[in-house]
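Understanding the architecture of this molecule
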Amino acid sequence: MDALLRGLLLAQLLGSASEPDEETNEPEGARQGPAAPSMPIPVTMPEPNTAGTMPSMPIPEVGGHPAFPTPTSPAAPVPPGGGAQAASTSNSPTPPRPHSPEASDVAGSTLAWRLFTAPLYSRLVKVLYDSDGSLPEPTSGNVGYLKLDGYGARNTVDCMCALIQFLQDNLWEAQSVDKFVETMSPQPHWPEKLKDQSHEKQVAYAWMLMNGLLAVIGLKPYLEPFPPPTFAGIVGKIFPPVRAGTAEPKVFSFTARELIEEDFIIQPTTNMLDHLQLVGNAVNVFVLASEQASMLLGYDKNRAARAIGMANLGNEILQSYGALVDGEFHENYRLPISLGMFKIDPDRARRGQYEDLTVVTGVIRLFRNSAEQDHRPHLFASRVLVIEEALRRRRHWYSRLRRDIHKRKKAEPWMFWGAVLAVFFGICTVIQTVTSVWSLAVSLS
């Protein structure tokens, strides 16, 4: 049927082409003359085939025009200015880098700041960690803090990447802070703010970079009164080694409930370097939430911490937590939550995320029950010994008596002083009785 329609259409086109146009302004005599013979229909023959191309099909033509419209590819749009401008576009220079956001964007964590730092953080994660993931909040917060202090975010990330490479290329004894500063100060990404500053301020900036790489927020107190000469030397100042001749503890042997019963105070802290530090009567305990538990879970993949010998920090904090909350599962961890050891966000379940308590306790049990993990304290060995010694002193009978008397006096002062008076009158009665018996014996003799 289609072939028949095409044939009829072709015949109609051929007939219309052979007849003179009725609308042309020809003379009357010429119009009445004999009709001119129709022109033969030229047929375009296919051209010889070239290598790798298909032969073109013959297209019938009528009166020098194709009988059927031939498909043509759409022409590419030409930009204003012609082809010369289009050619120059491909050779145009690379557009300049976007300007760094303002301090107000950093303080408010606006969309402009997040978009600006997204590629920087992605590059830093690949350099800092063995596996892909997200940058810990203390590290990204350190970049923002340095930005507010006048140091560019891009320069800070570049210097952090250079510091990681420096730590990996040198042993502990060769990780000199002065050497790193001297190497980096001529580099273009060293902050312009430090070009004319003293050597001490440049060293302080290097330690601020290290503060961010270790994902801690409190490295400064351990740099006083003077910082160590090497980056690896900071580990010995934060976690002093055990005294010579003292055996290292094999496990974390105390719970939070035992500390409370012996009148210790659990002091929550956001600085994990202060974990299990005994200050007077208070024991610092690092606060755990889902983000902190995830960071500690992969802390051994931190290349900067591994390069200075501090990669086991995350494992030891989780192992200590396994001992601190031991036996609290039956009460749904009521005591650790009341002491502020766990940071619970009630909105996580509403956002479709796992609850903080589920994540934190799951990670703790994973480390506590795993046979592959090292359960011995190494970095925290000296702090564990200090707490154990304080527990032994407080468990002595005389110390217990003094604490009980003090607690009774503070809780029930009337009862306490009434008991004191009762004891005093009892002693007086005994003395009076002994005196009376003695005087009676003397009188009888």
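Residues numbered from 1 in each chain as written. Predicted model: local features only at pLDDT ≥ 70, side-chain atom pairs only at ≥ 80, totals over all residues. Heavy atoms only, no water.

Comments concerning the overall build of the protein
Selection rule: Only DSSP runs of H or I with at least four residues qualify as helices, and only runs of E with at least two residues qualify as strands; both kinds are numbered from the N terminus onward. Only protein chains enter the accessibility calculation, which uses a 1.4 Å probe; a residue whose area is less than 20% of its type maximum is buried, one above 50% is exposed, and one in between is partly exposed. Whether two residues touch is decided by their heavy atoms; if any such pair falls within 4.5 Å, the residues are in contact. Methods summary: accessible areas were calculated by the Shrake-Rupley approach with a probe of 1.4 Å, and residue burial reflects only the protein chains presented.
Helix and strand content of the protein: 19 helices and five strands. Buried residues in the protein amount to 33% of all 445 residues. Of all intrachain contacts in the protein linking residues separated by at least 6 positions in sequence, the fraction that spans at least 24 positions is 65%. Only carbon and sulfur atoms are counted for the fraction: they give 60% of the accessible area of the protein, which is about 28300 Å².

Re the packing of helix α7 (residues 153-169) against helix α8 (residues 177-184)
Threshold: Fitting a line to C-alpha atoms yields each axis, with helices limited to the stretch in contact; the angle taken between N-to-C directions then spans 0 to 180 degrees. By definition in this entry, angles of less than 35 degrees are roughly parallel, angles greater than 145 are roughly antiparallel, angles of 65 to 115 are roughly perpendicular, and the rest are oblique. Throughout, a crossing is termed right-handed when the near helix is turned clockwise from the far one, and left-handed when it is turned anticlockwise from it by less than a right angle. Asp, Glu, Lys and Arg are counted as charged, while Ala, Val, Leu, Ile, Met, Phe, Trp, Tyr, Cys and Pro are counted as nonpolar; the rest, among them Gly, fall into the polar class.
Look at α7 against α8: their axes get within 11 Å of each other, and the N-to-C directions meet at 130°. Comparing the axis directions of α7 and α8 gives the class oblique. Considering only the axes of α7 and α8, their crossing is right-handed. Where α7 abuts α8, its residues C159, A162, L163 and F166 lie against K179, F180 and M184. Tallied by class, the residues present in the contact of α7 with α8 amount to six nonpolar, no polar and one charged.

Overview of the side chain of S382
With respect to the secondary-structure elements, S382 resides in helix α17 (residues 381-394). Filtering out sequence-adjacent residues up to four positions away, S382 remains in contact with P240, P241 and V242.

Section: helix α12 (residues 290-297)
Within α12, burial applies to S290, A293, M295 and L296. On its buried face, α12 sits against α6 (137-148), β5 (282-286), α14 (313-324) and α16 (356-369).

A closer look at the side chain of E388
For clarity, the threshold we go by: In this charge count, Lys and Arg are treated as positive and Asp and Glu as negative; neither His nor the chain ends contribute. For this document, the term salt bridge refers to a Lys or Arg side-chain nitrogen within 4 Å of an Asp or Glu carboxyl oxygen. Between N or O atoms, a polar contact is any pair within 3.5 Å; within protein, one atom must be a potential hydrogen donor and the other a potential acceptor, and residues adjacent in sequence are included only when both atoms are from side chains.
Within the element layout of this structure, E388 appears in helix α17. Although E388 is buried, it makes no salt bridge; R392 carries the closest opposite charge, 4.6 Å away. At a separation of 2.5 Å, a polar atom in the side chain of E388 contacts the side chain of S253.

Structural notes on the nonpolar core
For the record, the criterion: For our purposes a nonpolar core is just a set of buried Ala, Val, Leu, Ile, Met, Phe, Trp, Tyr and Cys residues, chained together by side-chain atoms within 4.5 Å.
Formed by 90 residues in total, the largest nonpolar core has its most connected members in F231, I308, M310, L313 and F342. No other element matches α7, which puts nine residues into this core. If sequence neighbours within four positions are ignored, M310 has contacts with L214, V235, F239, L273, Y299, A305 and L379.

Concerning the pairing of β5
Moving residue by residue along a regular strand, the side chains alternate between the two faces of the sheet. Note the threshold: Whether two strands pair depends on DSSP finding at least two bridges between them.
Taken across its five residues, β5 has five buried, putting it largely inside the fold. Where burial is concerned, the two faces of β5 agree: the one with A282, N284 and F286 and the one with V283 and V285 are both buried. Judged from the five bridges that link them, strand β3 (residues 265-269) and β5 form a sheet pairing that is parallel. The residue of β5 that forms the bridge with I266 is V283. Direction of pairing for strand β4 (residues 278-279) relative to β5: antiparallel, over a ladder of two bridges.

Details of unusual backbone geometry
The omega torsion of the bond from E224 to P225 falls at 0°, within 30 degrees of zero and hence cis. Even without glycine at this site, Y333 takes up a positive phi of about 60°. The residue Y333 is located in the loop between α14 and α15 (334-338) in this model.

Overview of a nonpolar patch on the surface
Defined as follows: Exposure above 30% relative accessible area and no salt bridge define the residues that can form patches, which grow by joining like charges within 9 Å and nonpolar side chains of Val, Leu, Ile, Met, Phe, Trp and Tyr within 5 Å.
Together, W397, Y398, L401 and I405 make up an exposed nonpolar region whose accessible area comes to about 450 Å². Within the secondary structure, Y398 sits in helix α18 (residues 397-411). Given a relative accessible area of 45%, Y398 falls into the partly exposed group.

Looking at the state of the cysteines
Rule in force here: The disulfide criterion used throughout: a pair of cysteine sulfur atoms within 2.5 Å.
Summed over all chains, the structure comprises zero disulfides. Left unpaired, C159 is separated from the closest cysteine sulfur, that of C161, by 9.3 Å. Classification of C159 by relative accessible area gives buried; the value is 0%.

Side note on the sheet that holds β4
Read across the open sheet, the three strands follow the order β3-β5-β4; overall the sheet is mixed. Two strands close off the open sheet at either side, each with one partner strand: β3 and β4.

Remarks on the environment of L135
Topologically, L135 is positioned in the loop between α5 (111-128) and α6. On the basis of relative accessibility, which here comes to 15%, the residue L135 falls in the buried class. As a C-alpha pair, L135 and L124 span 11 residues in sequence and 7.9 Å in three-dimensional space. Excluding residues within four positions of it along the chain, L135 makes contact with Y121, L124, V125 and S140.

What about the packing of aromatic side chains?
Inclusion rule: When two rings of Phe, Tyr or Trp (its six-membered ring) have centres within 6.5 Å they constitute a pair, described as stacked for plane angles under 30 degrees, edge-to-face for angles over 60, and tilted for the intermediate range. Either the NZ atom of lysine or the CZ atom of arginine qualifies as a charge over a ring when it sits within 6 Å of the ring centre and within 35 degrees of the ring normal.
According to the stated counting rule, one finds 13 aromatic pairs in the structure shown. Look at F166 and F231: their rings are 6.4 Å apart centre to centre, the planes differ by 75°, and that puts the pair in the edge-to-face class. Remark: F231 occurs in the loop between α9 (199-213) and α10 (233-238) and F166 occurs in helix α7; sequence separation between them is 65 residues. Here a set of aromatic residues connected by ring pairs shows up, and it is made of Y151, F166, F180, W190, Y205, W207 and F231. Here K193 stacks its cationic end above the ring of Y151, 4.7 Å away from the centre of that ring.

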